[in-house]
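Residue-level structural notes
Take a look at the letters that make up each chain.
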Amino acid sequence: MQGEWAGEMVGPDVWETCRELIPAGSVFAFLAEHREALFPPGMFADMYPSSNGRPSLPPQVLAATVVLQSLQGLSDFETVQELRCDLRWKAACGLGLHDTAFDPSLLTYFRRRLRHSADPMRVFTKVKEVVAATGVLKGRQRRALDSTVLDDAVATQDTVTQIISAIRRVIREVPGAQEVAAGHCRAHDYTDPGKPRIAWDDETARAALVDALVTDALNLLGHLPEQNLGEKAANAVGLLALVAGQDVEPAEDSDGRDGRWRIAKRTVADRTVSTVDPDARHIHKNRTRHQDGFKGHASFEPETGLFTAVALTSGYGPDNHEAAIACDLLEGEDGELTVLGDSAYGTGDLRAQLQADGHTLVIKPPPLRQAVPGGFTIDDFRIDPAAGTATCPAGHTANLGQIKADGARTAQFKSVCTDCPLRERCTTSRTGRTLNVHPRYELLAAARSQAATDVAWQAEYRRWRPPVERAIAWLVAKGNRRVPYRGVIANNIWLHHRAAALNLRRLITLGLTRTNTTWHLAPTTA
């Protein structure tokens, strides 16, 4: 059942006796004074539906603790140590001077209740309500979008480690799997969590081990007893099936039916990098920066420095691309916005959707690829989709082909390129230039022209796009580039808590206060 604040403290009230020691204008002082108004008990009533049992710690105390923990980037153990030893934390959370706080596991239970509640992001939602009540965003219609890669909380595993770990999990979670493994799995002692003892510098020995481990995995999966599996057991079986096949292929002289395997000479696109956190992915932020983890997305109001929305997603797949998440970040916004973003948000589909919603786009168009370095791009051709023609810089015209399934069309110039004086600047293909025309070509071409020639557009982008980089720096400061938990769901809640804490700190800097029942920004004095 939900605990209630009884007003009794263990020792003197820190806020009343040591107020002059708590920095004025800090998050600590604000929570000490307004904690109950910011997080009223009724806000958490649905998380504690039962009226029986031992009362919990008042959830508003835990909510204040989570805000400070997210702001400081601390572990559960470190958070409780701060609550026990730091006067600022005691004042902010309403603990007495002699209060030893609580066991760190209570924070885990609180997050679990949040995760399974109707509104897991309620702390962020509450701070957004405070933002709306102050009116600080009224009339400010710019939203800058950006994303960043967040490192996962686990170690990246190689193929051998993944297969052994997945087999051990199946043995542990699936009824009857231990007996099957004892009879059919011989490549390794699966009671030993370490790697097999082989000559790791011997390529033949490594290949034989991989072959044997994959065979063990397939034997285990093939001989498991028919039964209905619970969630943990089903996930373990699915994970083993995934890691047993993602990094291997049939041996060189195998037809794939004789059970001989080797490490594949390729990497699958959506490769699982760890069995400890199957949601983590290998991410290429650009051609030189590669990380394992997740993508963090943010919508930011650049004038006030407030996050209006955040999201954490997997790092791979079109559904997790910046352009796919952008509309979710802007959902619920009132009025027509000026949307700023880098080239990751410059897709034709997103542009069409945002323009249809009435928004003004200040989004950098993706750079064009040149078939020949320093040569012609598609913008040097005259494309007439209505007439179905494309004319090259030399004046040759080719017909656009039929519309493909994705809406694209292709023009092939073929023999007219043979003796063309501009060929060296246009193509290196023996069969002549082939021009691929995007289904949103006209929209993208207009965006490229505006970015190159519109002085007002350029000034808007240079003035208001860079602040979102500062916002991302705030998000990942104090070691928060690495997420603290496993999985998308838990870390998405953490990112919302982090953004809520940063927004609260920013609001306090802007003069947030409460008079009677109203939140407002007090004018700052020099």
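Residues numbered from 1 in each chain as written. Predicted model: local features only at pLDDT ≥ 70, side-chain atom pairs only at ≥ 80, totals over all residues. Heavy atoms only, no water.

**Comments concerning the overall build of the chain**
Along the chain, the regular secondary structure elements total 17 helices and 15 strands. Viewed in the frame of its principal axes, the chain has a C-alpha envelope of about 90 × 70 × 40 Å. When the 526 residues of the chain are sorted by exposure, 47% land in the buried category. Look at the contacts in the chain between residues 6 or more apart in sequence, and 65% of them connect residues 24 or more apart. Approximately 26600 Å² of the chain is accessible, and the part contributed by carbon and sulfur atoms is 50%. (Helix = DSSP H or I, 4+ residues; strand = E, 2+ residues; numbered from the N terminus. Buried < 20%, exposed > 50% of the residue type's maximum accessible area, 1.4 Å probe, protein only. Contact = heavy atoms within 4.5 Å. Areas by Shrake-Rupley, 256 points an atom, 1.4 Å probe, with all protein chains shown as cover.)

**Section: the side chain of Asn503**
Relative to the helices and strands, Asn503 resides in helix H17 (residues 488-509). Look past the residues within four positions of Asn503 in its chain and what remains in contact with it is Phe124, Val127, Leu306 and Phe307.

**Here we look at the sheet that holds strand S10 (residues 389-391)**
Spatial ordering of the open sheet is given by S9-S10-S11, a layout of 3 strands whose pairing is antiparallel. In this open sheet, the two edge strands, each paired with only one partner strand, are strand S9 (382-384) and strand S11 (397-399). Adjacent strand axes in the sheet meet at a mean angle of 15°, parallel and antiparallel pairs treated alike. As judged from the 3 bridges shared by S10 and S11, these two strands associate in the antiparallel manner. From the neighbouring strand, Ala390 faces S11, where its bridge partner is Ala398. (Pairing = 2+ DSSP bridges. Axes fitted to C-alpha atoms, helices over the stretch in contact; angles between N-to-C directions.)

**Quick word on the environment of Gln141**
Within the secondary structure, Gln141 sits in the loop between helix H7 (122-134) and strand S1 (142-151). Using a relative accessible area of 26% as the deciding quantity, one classes Gln141 as partly exposed. Linking Gln141 and Glu333, residues 192 residues apart in sequence, is a C-alpha distance of 9.1 Å. In contact with Gln141, other than residues within four places in its own chain, are Asp334, Gly335, Glu336, Leu337 and Thr338. There is a polar contact of 3.2 Å between the side chain of Gln141 and the backbone oxygen of Glu336. (Polar contact = N/O pair within 3.5 Å; in protein donor to acceptor, adjacent residues only side chain to side chain.)

**Looking at the packing of aromatic side chains**
What the rule picks out here adds up to 7 aromatic pairs. Geometrically, the ring pair formed by Phe28 and Trp89 is tilted, given 6.3 Å between the ring centres and 50° between the ring planes. Of the two residues, Phe28 is situated in helix H2 (residues 27-38) and Trp89 in helix H5 (residues 87-93); the sequence distance between them amounts to 61 residues. The pair formed by Phe28 and Trp89 is uniform in burial state, with each residue classed as buried. With a centroid separation of 6.1 Å and 55° between ring planes, the pair formed by Phe44 and Phe110 is classed as tilted. Linking Phe44 in the loop between H2 and helix H3 (59-72) with Phe110 in helix H6 (residues 105-115), this pair joins segments that are 66 residues apart in sequence. Phe110 carries the same exposure label as Phe44, and that label is buried. Through a chain of ring-to-ring contacts, three or more aromatic side chains come together here, namely Phe300, Phe307 and Trp474. Against the face of Trp464 rests Arg463, its NZ or CZ located 3.9 Å from the ring centre. The aromatic ring of Trp519 is capped on one face by Arg514, whose charged end is 4.8 Å from the ring centroid. (Phe/Tyr/Trp six-rings, centres within 6.5 Å; stacked < 30°, edge-to-face > 60°. Lys NZ or Arg CZ within 6 Å of the ring centre and 35° of its normal.)

**Quick look at the nonpolar core**
One finds Leu31, Phe39, Phe110, Phe307 and Leu504 to be the most contacted residues of the largest nonpolar core, which totals 79 residues. The biggest single contributor to this core is H17, with 10 residues. Not counting the four nearest positions on each side in its chain, Phe307 is found in contact with Phe124, Ala298, Ser299, Phe300, Ala471, Trp474, Leu475, Ala499, Leu502 and Asn503. Core analysis: the second largest hydrophobic core is formed by 29 residues, Ile163, Ile164, Val174 and Val210 among them. (Core = buried A, V, L, I, M, F, W, Y, C linked by side-chain atoms within 4.5 Å.)

**Remarks on the environment of Tyr485**
Inspection of the secondary structure puts Tyr485 in the loop between helix H16 (467-476) and H17. Judged by its relative accessible area of 19%, Tyr485 is buried. Between the C-alpha atom of Tyr485 and that of Ala153, which follows or precedes it by 332 residues, the distance is 6.2 Å. Non-local contacts of Tyr485, meaning those with residues more than four positions away in its chain, are made with Gln69, Asp76, Arg111, Ala153, Asp277, Ala490, Asn491 and Trp494.

**Quick word on the pairing of strand S8 (residues 360-363)**
As paired strands, strand S7 (residues 338-341) and S8 are joined by 4 bridges and run parallel to one another. Following the sheet pairing, Thr338 is matched in S8 by Thr360. Chirality of the crossover, the property in question, places the unit of S7, helix H13 (residues 348-356) and S8 among those that are right-handed. (Right-handed = clockwise from strand over helix to strand, strands pointing away.)

**What to know about the packing of H2 against H3**
In a pair of packed helices, the angle between the axes and the distance between the axes together describe the arrangement. In the contact formed by H2 and H3, the axes pass within 11 Å of each other and the chain directions differ by 160°. In this view, H2 runs roughly antiparallel relative to H3, as classed from their interaxial angle. Judged by the twist between their axes, the crossing of H2 over H3 is right-handed. For the pair H2 and H3, the contacting residues are Val27, Phe28, Leu31, Arg35 and Glu36 in the first and Gln60, Ala64, Leu68, Leu71 and Gln72 in the second. (Parallel < 35°, antiparallel > 145°, perpendicular 65-115°, else oblique. Left-handed = near helix turned anticlockwise from the far one by under 90°.)

**Quick look at unusual backbone geometry**
Of note in the backbone geometry, Lys414 takes a positive phi value of approximately 45° without being a glycine. For Lys414, the location among the structural elements is in the loop between strand S12 (409-412) and strand S13 (434-437). Positive phi outside glycine occurs at Asn516, with the angle close to 60°. Note that Asn516 resides in the loop between strand S14 (512-515) and strand S15 (518-521).

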